[in-house]
Amino acid sequence: QVQLVESGGGLVQAGGSLRLSCAASGRTFSNYAWFRQAPEKEREFVAGINWLGRTTYADSVKGRFTISRDNAKNTMYLQMNNLKPEDTAVYYCAAREGGGFVYISIREYNYWGQGTQVTVSS
């Protein structure tokens, strides 16, 4: 059974840091991404990474967030620094098999985690 399990969310003050993890089981994925969804807003792309380690970031998180992966552990990470209140959202891990690009559309991913809450206080 394929599963993506996120961890690492929580409450942090503005300027603080958090590290999210996404552990995959049941399959090896070529592409991973993080999306987030704030209350009453649509789910949006945050960062993505392909099998070779190529990365892409949303403009709103460039320079503050870093996505990485450990293929031996089948795990993907999101290091979030200098967090802002507008980063508050439920963060979702997404994965797909195949493809050489870094995909930013929700429709490109067919496996999703359950989400982890990140709350940044001002």
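Residues numbered from 1 in each chain as written. Predicted model: local features only at pLDDT ≥ 70, side-chain atom pairs only at ≥ 80, totals over all residues. Heavy atoms only, no water.

(A) Inspection of the pattern of salt bridges at higher detail. A full pass over the atoms with the stated rule returns 6 salt bridges. Two residues, Glu97 and Arg27, come together in a salt bridge whose shortest N-O distance is 3.4 Å. Residue Glu97 is found in the loop between β9 (89-96) and β10 (111-112), and its partner Arg27 is found in the loop between β3 (18-25) and β4 (31-37); the two are separated by 70 residues along the sequence. With a relative accessible area of 37%, Glu97 lands in the partly exposed category. Its relative accessible area of 33% is what places Arg27 among the partly exposed residues. Between Asp59 and Lys62 there is a salt bridge, with its nearest N and O atoms 3.1 Å apart. With respect to burial, Asp59 and Lys62 carry one shared label: exposed. Linked through salt bridges whose partners overlap, the residues forming this network are Arg36, Glu44, Arg64 and Asp87. (Salt bridge = Lys/Arg side-chain N within 4 Å of Asp/Glu carboxyl O. Helix = DSSP H or I, 4+ residues; strand = E, 2+ residues; numbered from the N terminus. Buried < 20%, exposed > 50% of the residue type's maximum accessible area, 1.4 Å probe, protein only.)

(B) How the structure looks around the sheet that holds strand β1 (residues 3-7). The strand order across the open sheet formed by 4 strands is β1-β3-β8-β7, and the pairing between neighbours is antiparallel. Looking along the sheet, the strands with just one partner apiece sit at the ends: β1 and β7 (65-70). Between one strand and the next, the sheet's axes are offset by a mean angle of 15°, whatever the strand orientation. Across 5 bridges, the pairing between β1 and β3 is antiparallel. Counted as the bridge partner of Ser7 is Ser21 from β3. (Pairing = 2+ DSSP bridges. Axes fitted to C-alpha atoms, helices over the stretch in contact; angles between N-to-C directions.)

(C) The arrangement of the state of the cysteines in detail. Counted according to the given criterion, the structure contains 1 disulfide. Linked covalently through their sulfurs, Cys22 and Cys93 form a disulfide whose S-S length is 1.9 Å. Between Cys22 and Cys93, the disulfide has an S-S torsion of -60° and is therefore left-handed. Taken together, the residues span a long stretch of sequence, with Cys22 in strand β3 and Cys93 in strand β9 at a distance of 71 residues. (Disulfide = S-S within 2.5 Å.)

(D) Representation of the side chain of Thr116 within the structure. Mapped onto the elements of the fold, Thr116 is located in strand β11 (residues 116-121). Classification of Thr116 by relative accessible area gives buried; the value is 10%. Within the local environment of Thr116, its side chain forms a polar contact with the backbone nitrogen of Gly9, the two atoms lying 3.3 Å apart. Look past the residues within four positions of Thr116 in its chain and what remains in contact with it is Glu6, Gly9, Leu20, Ala89, Val90 and Tyr91. (Polar contact = N/O pair within 3.5 Å; in protein donor to acceptor, adjacent residues only side chain to side chain. Contact = heavy atoms within 4.5 Å.)

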